[in-house]
Amino acid sequence: MGVTIDRVGAVPLEAPLSEPFGYAQEWVTERSALLVRIEASDGTVGWGECWGPIAGTRGTVERLLGPEIEGEDPLDVERLSETLYDVGRAAYQSVVPLPALSGIDVALWDLTGKLLDVPVSTLLGGARRSAVRAYATGHYFKHGCDLDEQYERIAAEAIENAAALDAVKLKTGLDLIGYGPREDVELVRRVREAVGDEATLLVDANYAYDAPTAREVGRALESLDVHWFEEPVPPEDLDGYAHLREALDVRVAGGECHAPYEFDRLFERGCLDVAQPDVCNVGGLTAARRVATTASAHGVPVVPHVWGTPVAIAASLHLISTLPGHPWLEFDRSANPLREAVAADPLTADDDGRVPVPEGPGLGIELDEEAIARYRVE
Ligand code: CA
């Protein structure tokens with residue numbers, strides 16, 4: 001018998017923020033992460049990360065899914081991932097606990113890469129590039145600022161990010177602070193003015209609108225040369241997506257809220273110009289790669305949604321390195337002490353705004369166990 005899976009553990013981390021920031025749906029007051037740590041019988045450790053709240057997912061990892069694979073061969077990643085999908089579906093019925101499954105799946109890929117001494121990108125079929133162009137996510141709403149101050153501070157942040165990276169993405173949905181679509185469009189106009197005509201500008205509504213409002217906003221975005229309009233309507237509104245893609249010239253992007261089987265419907269119905277599965281939410285690298293394959297068959301480029309610690313970023317980089325075309329890395333520039341602390345070497349962009357894919361076995365990152373202990377919560 002070769003190496004087997006000894007233990008699957010969940011590691012909850014939390015870091016308060018000195019200044020909350022907002023987007024269409026909520027204010028973010030702290031950053032949290034749920035890492036998955038899988039230890040093999042020879043002492044090798046693989047790391048993964050789960051999207052979303054710690055609550056619930058932690059118990060699903062530790063008590064429901066984790067015990068299912070203990071004693072198994074960690075190299076059987078896809079078989080184990082499919083087993084966990086079935087276990088999760090049988091347990092919950094109306095949902096599959098995809099964030100928990102994602103964290104375990106990513107940790108299995110990391111562990112397998114380390115055991116075989118190859119990078120995850122090699123396991124996924126081979127890297128097409130050693131570094132990935134990155135766009136800046138950030139430009140969130142500022143706490144306690146009036147509208148003019150919002151415009152000014154967000155535009156200043158965009159200027160800084162546009163100087164360092166290939167593109168910048170800003171948020172709309174100022175309804176959070178009592179405004180509406182008119183002010184959203186004005187925000188985009190101010191940022192376009194600030195970054196200049198040459199900069200690539202992306203807009204993310206975090207489903208702030210219904211379809212008719214999104215159509216109006218989308219037409220204004222076209223006149224501001226916005227490259228894509230992300231999550232214009234709620235994720236359930238596939239008719240809205242399909243209608244907007246037909247009605248608008250600006251690209252329609254989305255996917256961070258969608259499960260693998262929903263991507264099938266999004267592609268079949270022609271809902272997306274850009275697909276954004278989240279590796280830590282869609283079911284891990286196993287599921288994200290399958291979504292990317294389906295996307296490719298429909299001619300839809302994939303730019304994964306990325307939001308988390310260096311575990312999530314590294315897993316995404318390995319996937320992106322294997323994708324066709326010219327994919328971006330979504331590179332979160334908003335405040336996140338965990339992102340800066342938990343890896344021994346944080347992932348950074350080079351002078352050309354590209355983020356190197358980590359080299360070395362597995363995900364290619366070394367975690368700082370002391371920092372993890374510092375941010376760990378019970
Ligand atoms: Ca988004």
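Residues numbered from 1 in each chain as written. Predicted model: local features only at pLDDT ≥ 70, side-chain atom pairs only at ≥ 80, totals over all residues. Heavy atoms only, no water.

1. Quick word on the packing of helix H2 (residues 77–92) against helix H10 (residues 284–297)
Reasoning step 1: Two numbers describe how H2 lies on H10: the axes approach to 9 Å, and their chain directions differ by 95 degrees. Considering their axes alone, H2 and H10 lie roughly perpendicular with respect to each other. Contacts between H2 and H10 involve Val77, Glu78, Ser81 and Glu82 from the first element and Thr286, Arg289 and Arg290 from the second. (Axes fitted to C-alpha atoms, helices over the stretch in contact; angles between N-to-C directions. Helix = DSSP H or I, 4+ residues; strand = E, 2+ residues; numbered from the N terminus. Parallel < 35°, antiparallel > 145°, perpendicular 65-115°, else oblique. Contact = heavy atoms within 4.5 Å.)

2. Side note on H10
Reasoning step 1: Taking 1.5 Å per residue as the helical rise, H10 with its 14 residues ought to reach 20 Å, and the 20 Å between its terminal C-alpha atoms agrees with that figure.
Reasoning step 2: Against the buried residues of H10 lie H2, helix H3 (98–116), helix H4 (120–123), helix H9 (260–268) and helix H11 (310–322). (Expected span 1.5 Å × (residues − 1).)

3. Some words on unusual backbone geometry
Reasoning step 1: The backbone of His139 shows a phi angle near 60 degrees, a positive value even though the residue is not glycine.
Reasoning step 2: With respect to the helices and strands, His139 occurs in the loop between strand S4 (131–137) and strand S5 (141–142).
Reasoning step 3: A positive phi angle is found at Tyr207, which is not glycine, with a value near 45 degrees.

4. Comments concerning empty space enclosed by the protein
Reasoning step 1: For the coordinates displayed, the defined rule picks out one cavity of 30 Å³ or more.
Reasoning step 2: In this model, the largest cavity occupies a volume close to 30 Å³.
Reasoning step 3: As for the largest cavity, its lining consists of Asp278, Cys280, His305, Val306, Trp307, Ala312 and Ser316. (1 Å grid on protein atoms, 1.4 Å probe; cavity = no way out; pocket = protein on both sides within 12 Å on 5 of 7 lines; lining within 4 Å. Points joined across faces, edges and corners; volume = space filled by probe spheres on them.)

5. Some remarks on the pattern of salt bridges
Reasoning step 1: This structure, assessed with the given rule, holds 28 salt bridges.
Reasoning step 2: The partner of Glu157 in a salt bridge is Lys142, with the nearest N and O atoms 2.4 Å apart. Of this pair, Glu157 sits in helix H5 (residues 147–164) while Lys142 sits in strand S5, placing them 15 residues apart in sequence. The same class applies to Glu157 and to Lys142, which are both buried.
Reasoning step 3: A salt bridge links Glu230 to Lys169; the shortest N-O distance between them is 2.9 Å. Here Glu230, found in strand S8 (residues 226–230), pairs with Lys169, found in strand S6 (residues 167–171); they are 61 residues apart in sequence, far enough to count as distant. (Salt bridge = Lys/Arg side-chain N within 4 Å of Asp/Glu carboxyl O. Buried < 20%, exposed > 50% of the residue type's maximum accessible area, 1.4 Å probe, protein only.)

6. With respect to the domain arrangement of the chain
One frequently used descriptor of interface size is the decrease in accessible area upon assembly of the parts.
Reasoning step 1: Examined at the domain level, the chain breaks down into domain 1 (5–117 + 370–375) and domain 2 (123–363).
Reasoning step 2: If you look at the interface, domain 1 gives 44 residues, while domain 2 gives 48 residues.
Reasoning step 3: Carbon and sulfur atoms make up 67% of the surface buried where domain 1 meets domain 2, a total of about 3,800 Å² over both sides.
Reasoning step 4: Our enumeration of links across domain 1 and domain 2 arrives at five salt bridges.
Reasoning step 5: Taken together, domain 1 and domain 2 are joined by 20 residue pairs in polar contact (both at pLDDT 80 or more).
Reasoning step 6: Counting residues per element, the ones that place at least two in the side of domain 1 that touches domain 2 are strand S1 (5–23), strand S2 (26–40), strand S3 (45–50), H2, H3 and helix H13 (369–375).
Reasoning step 7: In terms of residue count, the dominant contributor to the side of domain 1 that touches domain 2 is H3 (12 residues).
Reasoning step 8: Split into classes, the residues belonging to the side of domain 1 that touches domain 2 amount to 25 nonpolar, eight polar and 11 charged. (Domains from an automatic or database assignment. Buried area = accessible area lost by both parts, 1.4 Å probe. Polar contact = N/O pair within 3.5 Å; in protein donor to acceptor, adjacent residues only side chain to side chain. Nonpolar A, V, L, I, M, F, W, Y, C, P; charged D, E, K, R; others polar.)

7. Here's the deal with the nonpolar core
Reasoning step 1: Of all hydrophobic cores here, the largest spans 108 residues; its most connected members are Ile38, Ile69, Ile104, Phe229, Leu285 and Leu329.
Reasoning step 2: Here this core spans two domains, and each of domain 1 (5–117 + 370–375) and domain 2 (123–363) adds at least three residues to it.
Reasoning step 3: Ignoring any residue separated from it by four or fewer positions in sequence, one finds Ile38 in contact with Ile5, Arg7, Val8, Thr44, Val45, Gly46, Ile69, Ile104, Ala107, Leu108 and Leu111.
Reasoning step 4: The next biggest cluster of nonpolar side chains, apart from the first, holds eight residues, and it includes Tyr135, Ala167, Trp228 and Val303. (Core = buried A, V, L, I, M, F, W, Y, C linked by side-chain atoms within 4.5 Å.)

8. Some points on the layout of surface pockets
Summary: where empty space remains is shown by rolling a probe the size of a single water molecule over the atoms.
Reasoning step 1: Here the largest pocket is characterised by a volume of approximately 1,000 Å³.
Reasoning step 2: Forming the boundary of the largest pocket are 46 residues, of which Trp51, Gly52, Pro53, Asn281 and Trp307 lie nearest the centre.
Reasoning step 3: If you list the elements that add at least two residues to the lining of the largest pocket, you get S1, S2, S3, H3, S6 and H9.
Reasoning step 4: In terms of residues, the lining of the largest pocket owes the most to one element, S2, which gives nine residues.
Reasoning step 5: Classifying every residue of the lining of the largest pocket by side-chain character gives 21 nonpolar, 13 polar and 12 charged.
Reasoning step 6: Approximately 290 Å³ is the volume attributed to the second largest pocket.
Reasoning step 7: Along the wall of the second largest pocket there are 19 residues; nearest its centre are Pro301, Val302, Val303, His326 and Pro327.
Reasoning step 8: Residue assignment for the lining of the second largest pocket shows that the elements contributing at least two residues are S8 and H10.
Reasoning step 9: For the lining of the second largest pocket, the class distribution of residues is 11 nonpolar, five polar and three charged.

9. Points about the sheet that holds S5
Reasoning step 1: The four strands are arranged S3-S2-S1-S5 in an open sheet whose pairing can be described as antiparallel. The open sheet has two free edges, formed respectively by S3 and S5, since each of these has just one partner strand.
Reasoning step 2: Bridging between S2 and S3 involves six bridges; their strand directions are antiparallel. The residue bridging Leu35 from the neighbouring strand is Glu49, located in S3. (Pairing = 2+ DSSP bridges.)

10. Considerations on the coordination of the calcium ion
Ideal geometry at a metal centre: 109.5 degrees between donors when four sit tetrahedrally, and 90 or 180 degrees when six sit octahedrally.
Reasoning step 1: Bound to the calcium ion are the protein donor atoms Asp204 (OD), Glu230 (OE) and Glu256 (OE), situated 2.2 to 2.3 Å from the metal.
Reasoning step 2: The sequence pattern describing where the donors of the calcium ion fall on their chain is D-x25-E-x25-E. Placement of the pair is Asp204 in strand S7 (residues 200–204) and Glu256 in the loop between strand S9 (251–254) and H9, with a sequence separation of 52 residues. Side by side, Asp204 and Glu256 carry an identical accessibility label, which is buried. (Donors = N, O, S within 2.8 Å, 3.2 Å for Na, K, Ca; no water.)

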